[in-house]
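Read off the chains here:
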Amino acid sequence: MTLQIENVTKKFGNFTAVKDLSMTLEQGSMYGFLGANGAGKTTTFRMILGLLDATEGSITWNGKPITYANSTHIGYLPEERGLYPKMKVEDQLIYLGQLRGMKKNDAKIASHQWLERFEVPHYAGKKVEELSKGNQQKIQVIASLLHRPSLIILDEPFSGLDPVNVELLKKAILDVQKEGATIMFSSHRMDHVEELCEQLSIMHHGESIVNGTLRDVKRGFGRQNVLLKADFDLSFMQQMDGVTSFKQTVEGGVFQIGEERIAHEILRSALKQGDIRHFSIEEPSLQDIFIEKVGKENA
Amino acid sequence: MRDFWTIFNQSFWTKAKTKSFMITTLIVVAGIFLMANLSVIIEKVQNVGMFDGGADSDTIYVVDESGQFLEPLQQQLDASESGLTLKSTNNSIDDLKSKISEEEIKSFLVLSINDSEIIEATYTSENANEFDNPMVIRDALQNLQTNLKATSMDLSPNEVSQLFAPIEFEQNAVSSSSKTEEELSQARGLVYVLIFVIYFAVFYYSNMIAMEVATEKSSRVMEIIISSVSPVKHMFAKIAGVGTLGLLQIALFGIVGFLALKTSSSDLTSGVFSFFGFSNVSIDTMLFAVIFFLLGYFLYATLAALLGSMVSRTEDVQQLLLPMTFLIIIASFIAFSGIGNPEAGYVQIASYIPFFTPLVMFLRVGMLDLPVWEPILGIGILLITIFILGWFGSRVYRGGVLMYGASQSLKDIKKAIQLGKR
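Residues numbered from 1 in each chain as written. Chains lettered and ligands numbered in written order. Predicted model: local features only at pLDDT ≥ 70, side-chain atom pairs only at ≥ 80, totals over all residues. Heavy atoms only, no water.

So, about the nonpolar core. In this structure, A:Leu3, A:Ile48, A:Met184 and B:Tyr297 are the most contacted members of the largest nonpolar core, which totals 101 residues. Considering each element in turn, this core owes the most residues, 15 residues, to helix α8 (residues 181–218) of chain B. With residues near it in sequence (within four places) discarded, A:Leu3 still touches A:Met23, A:Thr24, A:Leu25, A:Ile48, A:Ile59, A:Thr60, A:Trp61, A:Ile66, A:Leu151 and A:Met184. Counting residues in each nonpolar core, the second largest holds 64 residues, with A:Val128, A:Ile183, A:Leu286 and B:Val229 among its members. (Core = buried A, V, L, I, M, F, W, Y, C linked by side-chain atoms within 4.5 Å. Buried < 20%, exposed > 50% of the residue type's maximum accessible area, 1.4 Å probe, protein only. Helix = DSSP H or I, 4+ residues; strand = E, 2+ residues; numbered from the N terminus. Contact = heavy atoms within 4.5 Å.)

Structure follows, in structure tokens:
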């Protein structure tokens, strides 16, 4: 059960929405898909779902292209709420479950279990439009997980949820992953991706500019942060070889460096000036990487 | 196939269970009963005298200057069962006029005879739009005058009746497709009503389809649906679901209408009943009505679904449906104008143009004895058009439902096809 995307390109007329994208999702893995608005994430999802055809390249799930014949194994949460506003929550979930190949009764039982799990069983008889945005999102999530799909595509699943519900949803996603589902999700929130995903990809203008496992991505970024706290001015070291940037903070400063060796040199020369209260070498956050990679090209 | 029925059921029941649908249906049912019993109700209300403001409209005051007409005129009126009573009065005309304005009396009649022995009558009432009474009085006076003249010419009553014997006039037609005048007038009412029903139903349910599609698209639930079921299947299941609902609703109205007319006690309704040709309803005509409703609905619903898939917001649906609305309205114009002359050339031509066929061909089938191949040819062309439109529509639909943006124009059809290209 592997999702294989090979050299996929999608063109709309003269506009290239996705360019030569390749990735492999092993069964049971969690894949984070990052990118600014308009980077081509939704287009990629639509191609995976079979709603759009790739101009070039191929997308296969378990060796076969995804069509309506195997769509029952796929769960999809669109970026914007996609529910009937005037339909009751229960009826809605049953209907969407049936469309994914469930029997009516099974869909009913499953939807009640999920409502219970998300602590909203009392909404079963309410119309969707009566619910708050966050609760609608819960229903939307249930609709995408109800039929126990083996490939789950979540487009911005955490948007509109409060921190408590974000945790609830994270737990639910991790649970279905443990049951063997392959999950791919997009997000603007780097911390969520950092927390959940083993693999990730950053899209920019239709191209995957960074991809791999979280560790490789961080290592491959080739930069680390050195955090120093001292009572004297540290700015004299910003001209040192190997320091790419320096940022002054209230208690000291942050150096961005290319190699770990430089960190120790910084420490040594700092100690010559006085006492150091804190020294640490930190991996770059995804946020740093994203801003560096995507932000720079924009600038 | 299971998906098809799931969507079919969903679009049928969610529509059928909405409050607005139920209320509309109930109002129409109530309306049908009201219409069927309208004459009874009007009679009742008139008997109570609610509209007459106290003055008796059946009493007419007469100023008879010659003094010889009052009695024979009353006899004439009684003979024709008009229910009018004449009362002689000596008041002046101005006096009577003021009494009318004060609503003490309803009307008065001034009678005289001129030098050449012709009766001269002036009927005065508050408004000139009174229609029935003057008519009755005029006929009665005409008879009176005839009798008067006959007497003065020494004609016997027998001779008089010979003089006024009506001719026997019968209309025959050479064209093999035309029905006899009797058949035609019987068919006319039924066809008229059915054309209206088809026109209205096709229009109403196609609009419903477009709204449904646009609602699904604007609420983005469409993305989930078409990731589970092919858009083409979704489109046709929806059209079939709403179509079935429409058929059932019309059948309900038909049955209610039939029951209402059967149970309403007034003679007038049964008069209307036979005037509209309902007394011997032609099974063929009804069958064709159902066929043409279904075909017309499928044609326009497919078009509506196609157009509905192009908009991002439900507010824009009506604007994009405008060209389609025009097509239906033009078809109805041709059909209604063709009732008077179903063999006109333009009607014949229009009956083969697929967008007009459902109404115009039905008109011809209902009004004329057409050779069988004509409606079959029309239906054939219509079916082919539906298939072409269905094929084309599903291609537009596939891309259209994924398209979100501000511009809503027919130019986007090209964009939608490109997007939906496989």
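Still more to cover.
Residues and elements named next belong to chain A. In spatial order, the strands read β11-β12-β10-β13; together these four strands make up an open sheet with antiparallel pairing. Of all strands in the sheet, those with a lone pairing partner are β11 (243–248) and β13 (276–282), marking the two edges. Strand-to-strand twist in this sheet, taken as the mean axis angle between neighbours without regard to direction, amounts to 15 degrees. Relative to β13, helix α8 (residues 260–273) is tilted by about 175 degrees, and along the sheet it contacts β10 (224–230), β11, β12 (252–257) and β13. (Pairing = 2+ DSSP bridges. Axes fitted to C-alpha atoms, helices over the stretch in contact; angles between N-to-C directions.)

Contact residues are listed per partner, giving 27 residues for chain A and 24 residues for chain B. Taken together, the two surfaces of chain A and chain B that pack against each other cover about 2,500 Å², and 56% of this comes from carbon and sulfur. For the pair chain A and chain B, the number of links is two salt bridges. Across the pair B:Arg220 and A:Glu80 runs a salt bridge whose closest N-O atoms are separated by 3.3 Å. Our enumeration of links across chain A and chain B arrives at eleven residue pairs in polar contact (both at pLDDT 80 or more). At the level of elements, α1 (41–49) and α2 (89–99) of chain A are the ones that each hand at least two residues to the side of chain A that touches chain B. Looking at the side of chain A that touches chain B element by element, the count peaks at four residues for α2(A). (Buried area = accessible area lost by both parts, 1.4 Å probe. Salt bridge = Lys/Arg side-chain N within 4 Å of Asp/Glu carboxyl O. Polar contact = N/O pair within 3.5 Å; in protein donor to acceptor, adjacent residues only side chain to side chain.)

Residues A:Lys88, A:Lys104, A:Lys108, A:Lys127, B:Lys17 and B:Lys19 make up a contiguous surface patch of positive charge. Considering the arrangement of structural elements, one finds A:Lys127 in the loop between α3 (104–117) and α4 (133–145). (Patch = residues over 30% accessible without salt bridge, like charges linked within 9 Å, V, L, I, M, F, W, Y side chains within 5 Å. Areas by Shrake-Rupley, 256 points an atom, 1.4 Å probe, with all protein chains shown as cover. Lys, Arg positive; Asp, Glu negative; His and termini not counted. Charge placed at Lys NZ, Arg CZ, Asp CG, Glu CD.)

Working definition: the strands of a sheet are paired by backbone hydrogen bonds and lie parallel or antiparallel to each other. Residue and element names in this part refer to chain B. Spatially, the four strands line up as an open sheet ordered β2-β1-β3-β4, and their pairing is mixed. Each of the sheet's edge strands pairs with one partner strand only, and the pair in question is β2 (85–88) and β4 (119–125). Taken over all neighbouring pairs, the strand axes of this sheet differ in orientation by 30 degrees on average, direction set aside. Bridge analysis of strand β1 (residues 59–64) against strand β3 (residues 107–113) gives four bridges, and the strand direction is parallel. Directly across from Val62, in β3, lies its bridge partner Leu109.

All names here are of chain B. On the surface, Leu34, Met35, Leu38, Ile41 and Ile42 cluster together into a nonpolar patch covering about 450 Å² of accessible area. Of all the elements in the fold, those that place two or more residues in the nonpolar patch are α2 (19–36) and α3 (38–48). With three residues, the single largest contributor to the nonpolar patch is α3. Tracing the sequence through the fold places Leu34 in helix α2.

All names here are of chain B. A surface patch of negative charge is lined by Asp94, Asp95, Glu102 and Glu104. As for its placement among the helices and strands, Asp94 is situated in helix α5 (residues 93–101). Judged by its relative accessible area of 59%, Asp94 is exposed.

Taken domain by domain, chain A comprises domain 1 (3–218) and domain 2 (223–283). Relative placement of domain 1 of chain A and domain 2 of chain A: their C-alpha centres are 42 Å apart. (Domains from an automatic or database assignment.)

Residues and elements named next belong to chain A. Structurally, the position occupied by Gln224 is in strand β10. Taking the relative accessible area as the measure of exposure, Gln224 reaches 19% and is therefore buried. With residues up to four places along the chain from it excluded, the contact list for Gln224 reads Phe255, Gln256, Ile257, Glu259, Glu260, Ile281 and Glu282.

All names here are of chain B. Looking at where Thr89 falls in the secondary structure, it is placed in the loop between β2 and α5. Given the relative accessible area of 12%, Thr89 is considered buried. Ignoring sequence-local partners within four residues, the contact set of Thr89 consists of Tyr61, Val62, Val63 and Leu96.

Most of helix α15 (residues 357–367) of chain B is tucked away: eleven of the eleven residues are buried. Turning to α15(B), its buried residues number three or more, namely B:Thr357, B:Pro358, B:Leu359, B:Val360, B:Met361, B:Phe362, B:Leu363, B:Arg364, B:Val365, B:Gly366 and B:Met367.

So, about the pairing of strand β6 (residues 151–155) of chain A. All names here are of chain A. For β6, the tally of buried residues reaches five of five residues, placing the bulk of the element in the interior. Of the two faces of β6, the one carrying Leu151, Ile153 and Asp155 and the one carrying Ile152 and Leu154 are both buried. In this sheet, strand β7 (residues 182–187) lies alongside β6 in parallel orientation, the contact comprising five bridges. By the bridge assignment for β7, Leu154 is matched with Phe185. Crossover connection from β6 via helix α5 (residues 163–178) to parallel β7: handedness right-handed. (Right-handed = clockwise from strand over helix to strand, strands pointing away.)

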